[in-house]
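Notes for the structure review
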Amino acid sequence: MMNLLYEIIKDNNLSVDKVVLVGGLAVSLYTGVEISKDVDFALVLDDYQKIQAMDEWGIKTKKYEWGSVDFLNPNNYVSKEHNGNEFITYVKQHRSFKKAPIGAI
């Protein structure tokens, strides 16, 4: 799966250090529990502009023979006092996912 994710990033001329995998697949890769096979990337603004797809509500979707990838505009996840690039920086610096004991919510 990781090779596929890197291939998507490379094929779209994105910067690996400026892309954040988010959503169910990110959780699935971390926990080993299949939650989702959807591929969702949050991108810095410059990279978001590179995606050649129709923008629908801050999401650009590209179809592949195996499924689709959603590229998310980071400006949709911050208040007007901030910009989307700050969101990406924050997530990359502070992301964490603490494993809970089995049976915990």
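For clarity, every value in this text was computed on a predicted model and none was experimentally measured. (Residues numbered from 1 in each chain as written. Predicted model: local features only at pLDDT ≥ 70, side-chain atom pairs only at ≥ 80, totals over all residues. Heavy atoms only, no water.)

1. Concerning the overall build of the chain
For the chain, the count of helices and strands is 4 helices and 5 strands. The helix and strand sequence of the chain, counted from the amino end, reads α-β-α-β-α-β-β-β-α. Its C-alpha radius of gyration of 14 Å places the chain within 12% of the 13 Å reference for a compact globule of 105 residues. For the chain, with 105 residues in total, the buried portion stands at 30%. Taking as baseline every contact in the chain between residues at least 6 positions apart, the subset at least 24 positions apart corresponds to 49%. Of the roughly 7400 Å² that the chain leaves accessible, carbon and sulfur atoms contribute 52%. Counting 12 positive and 14 negative side-chain charges, the chain places the centres of these two groups 5 Å from one another. (Helix = DSSP H or I, 4+ residues; strand = E, 2+ residues; numbered from the N terminus. Rg over C-alpha atoms; globule rule 2.2 N^0.38 Å. Buried < 20%, exposed > 50% of the residue type's maximum accessible area, 1.4 Å probe, protein only. Contact = heavy atoms within 4.5 Å. Areas by Shrake-Rupley, 256 points an atom, 1.4 Å probe, with all protein chains shown as cover. Lys, Arg positive; Asp, Glu negative; His and termini not counted. Charge placed at Lys NZ, Arg CZ, Asp CG, Glu CD.)

2. Observations regarding the sheet that holds strand β2 (residues 39-43)
The strands making up a sheet associate through backbone hydrogen bonding, with each pair oriented either parallel or antiparallel. As summarised here, the arrangement of the 5 strands in space is β1-β2-β5-β4-β3, forming an open sheet in which the pairing is mixed. Single-partner strands in this sheet number two, and they are β1 (19-22) and β3 (55-56). Relative to strand β5 (residues 67-72), strand β4 (residues 59-64) runs antiparallel, the two being bridged by 6 bridges. Paired with Tyr 64 across the two strands is Gly 67, which belongs to β5. In this fold helix α2 (residues 24-31) packs onto β1 and β2, with an angle of close to 80° to the strand it touches most, β1. Packing of helix α4 (residues 84-94) onto the sheet brings it into contact with β1 and β2, and relative to β1 it is tilted by some 65°. (Pairing = 2+ DSSP bridges. Axes fitted to C-alpha atoms, helices over the stretch in contact; angles between N-to-C directions.)

3. Observations concerning helix α1 (residues 2-11)
Along α1, the positions that sit buried rather than exposed are Leu 5, Ile 8 and Ile 9. All buried residues of α1 project into a common sector of 95° when viewed along the axis, lining one side. Away from its buried face by more than 90 degrees, α1 exposes Asn 3, Lys 10 and Asp 11. Buried residues along α1 sit in contact with β1, α2, β2, β4 and β5. Just downstream of α1 lies Asn 13, where phi reads positive at about 55°. (Arc of directions from axis to C-beta.)

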